[in-house]
Amino acid sequence: DLAARRIRVQDADDASAEGDAVAVFRAKDGSTQRVRADLLTFQGNKHRASAQGNARAEGKDYWVEAPEIVAFLDEKNAPVRYETEGDSRFDGPAYEGRADRLLYDPAAQAGRAYGKGRNAVVIQKDPYRRMSGPAIAYAPKRFEVLPAEQASLRGSLEGVQPPKAMDPAPKPDSQEGKTHGR
């Protein structure tokens with residue numbers, strides 16, 4: 001579904017909507033996803049929709065805001081991945097943050113946040129950890145600063161530290177812990 005003050009349809013694969021434009025999609029899990037912006041452009045043959053000006057994408061348990069959002073669509077034209085440019089903010093079930101560029105997969109609840117003149121900031125909600133760096137990857141089982149192209153930007157981690165790796169168990173033939181009786 002598409003709603004706006006002005007809608008132009010060129011053909012079955014190309015359409016645009018201007019003025020408080022809203023596109024509503026049904027995800028594979030049956031949930032509703034919305035993309036809102038001043039201008040929405042839909043390119044069905046390329047499986048993508050672009051949102052420009054006050055752009056916001058939202059779905060079950062998440063939202064993404066930026067000056068520009070590109071939604072990559074599946075065969076039924078539902079968003080499967082978002083890419084943003086500009087001052088981007090996001091919030092999901094496990095993470096929230098800000099970045100200059102964002103890649104986000106709502107089904108996997110995973111993404112990458114990039115900073116361009118400033119570090120991206122991603123906050124893991126539970127346990128609380130705040131990560132800052134030029135490039136950050138986050139997912140349910142992954143949270144790390146990626147190698148930086150700019151040496152001037154360095155990553156940092158605040159909050160609950162991840163558990164330390166346990167020492168490996170001694171080998172069965174080890175003499176450690178054995179006593180020699182008298």
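Structure: see above.
Residues numbered from 1 in each chain as written. Predicted model: local features only at pLDDT ≥ 70, side-chain atom pairs only at ≥ 80, totals over all residues. Heavy atoms only, no water.

S.K.: For this particular structure, what's the right way to read empty space enclosed by the protein?
M.R.: Over the atoms, a rolling probe the size of a water molecule traces out where space has been left empty. Summed over all chains, the structure comprises one cavity of 30 Å³ or more. Its boundaries defined by the atoms lining it, the largest cavity holds a volume of some 60 Å³. Taken together, Phe90, Asp91, Gly92, Pro93, Ala94, Tyr95, Tyr104, Gln109, Tyr138 and Pro140 make up the lining of the largest cavity. Mapped onto the lining of the largest cavity, the elements with two or more residues apiece are β7 (79–91) and β8 (95–105). (1 Å grid on protein atoms, 1.4 Å probe; cavity = no way out; pocket = protein on both sides within 12 Å on 5 of 7 lines; lining within 4 Å. Points joined across faces, edges and corners; volume = space filled by probe spheres on them. Helix = DSSP H or I, 4+ residues; strand = E, 2+ residues; numbered from the N terminus.)

S.K.: Can you walk me through unusual backbone geometry in this structure?
M.R.: Outside of glycine, negative phi angles account for most residues, and trans bonds account for most peptide bonds. In this structure, Pro127 follows Asp126 across a cis peptide bond, with omega equal to -5°. Take Pro127: it is sitting in the loop between β10 (120–124) and β11 (129–133). With a phi angle near 70°, Asp61 is a residue other than glycine that sits in the positive phi range. Examined against the element boundaries, Asp61 turns out to sit in the loop between β5 (48–59) and β6 (62–73). Note on Asp61: relative accessible area 51%, which makes it exposed. Phi angles above zero are rare outside glycine, and Asn77 is one such case at about 65°. By the secondary structure assignment, Asn77 is in the loop between β6 and β7. (Buried < 20%, exposed > 50% of the residue type's maximum accessible area, 1.4 Å probe, protein only.)

S.K.: Is there a simple way to explain the packing of aromatic side chains in this structure?
M.R.: For any pair of aromatic rings, the description rests on two quantities: the centre-to-centre distance and the angle between the ring planes. For the structure on display, the rule yields five aromatic pairs. On the numbers, 5.2 Å between centres and 50° between planes, the contact of Tyr95 with Tyr138 is tilted. Placement of the pair is Tyr95 in strand β8 and Tyr138 in strand β12 (residues 135–139), with a sequence separation of 43 residues. The same class applies to Tyr95 and to Tyr138, which are both buried. Here Tyr95 and Phe143 contribute two aromatic rings whose centre-to-centre distance is 5.2 Å and whose plane-to-plane angle is 50°, an arrangement assigned as tilted. Of the two residues, Tyr95 is situated in strand β8 and Phe143 in strand β13 (residues 142–145); the sequence distance between them amounts to 48 residues. In terms of burial, Tyr95 and Phe143 fall into one category: buried. Here the aromatic cluster, defined as three or more aromatic residues joined through ring pairs, consists of Phe90, Tyr95, Tyr138 and Phe143. Note that Arg81 overlies the ring of Phe72, its terminal NZ or CZ placed 4.1 Å from the centroid. (Phe/Tyr/Trp six-rings, centres within 6.5 Å; stacked < 30°, edge-to-face > 60°. Lys NZ or Arg CZ within 6 Å of the ring centre and 35° of its normal.)

S.K.: Which parts of the structure should I look at to understand the nonpolar core?
M.R.: A general trend in soluble globular proteins is that nonpolar side chains are found buried together. Core analysis: the biggest nonpolar cluster contains 31 residues, and Leu40, Ile69, Tyr82, Val122 and Tyr138 have the highest contact counts within it. Counting residues per element, the ones that place at least two in this core are β3 (14–26), β4 (32–43), β5, β6, β7, β8, β10 and β12. For this core, the element with the highest residue contribution is β6, accounting for six residues. Among all residues touching Ile69, those that are not within four sequence positions of it are Ala49, Ser50, Ala51, Ala55, Arg56, Ala57, Val64, Tyr82, Glu83 and Thr84. (Core = buried A, V, L, I, M, F, W, Y, C linked by side-chain atoms within 4.5 Å. Contact = heavy atoms within 4.5 Å.)

S.K.: Could you clarify how one ought to interpret the layout of surface pockets in this entry?
M.R.: In this structure, the largest pocket occupies an estimated 300 Å³ of space. For the largest pocket, the lining is made up of 18 residues, of which Ala27, Asp29, Gln33, Pro106 and Ala107 are closest to its centre. Broken down by secondary-structure element, the contributors of at least two residues to the lining of the largest pocket are β7 and β8. A class-by-class count of the residues in the lining of the largest pocket yields nine nonpolar, three polar and six charged. Of all the secondary-structure elements, those providing two or more residues to the lining of the second largest pocket are β3 and β4. The element that contributes the greatest number of residues to the lining of the second largest pocket is β3, accounting for seven residues. (Nonpolar A, V, L, I, M, F, W, Y, C, P; charged D, E, K, R; others polar.)

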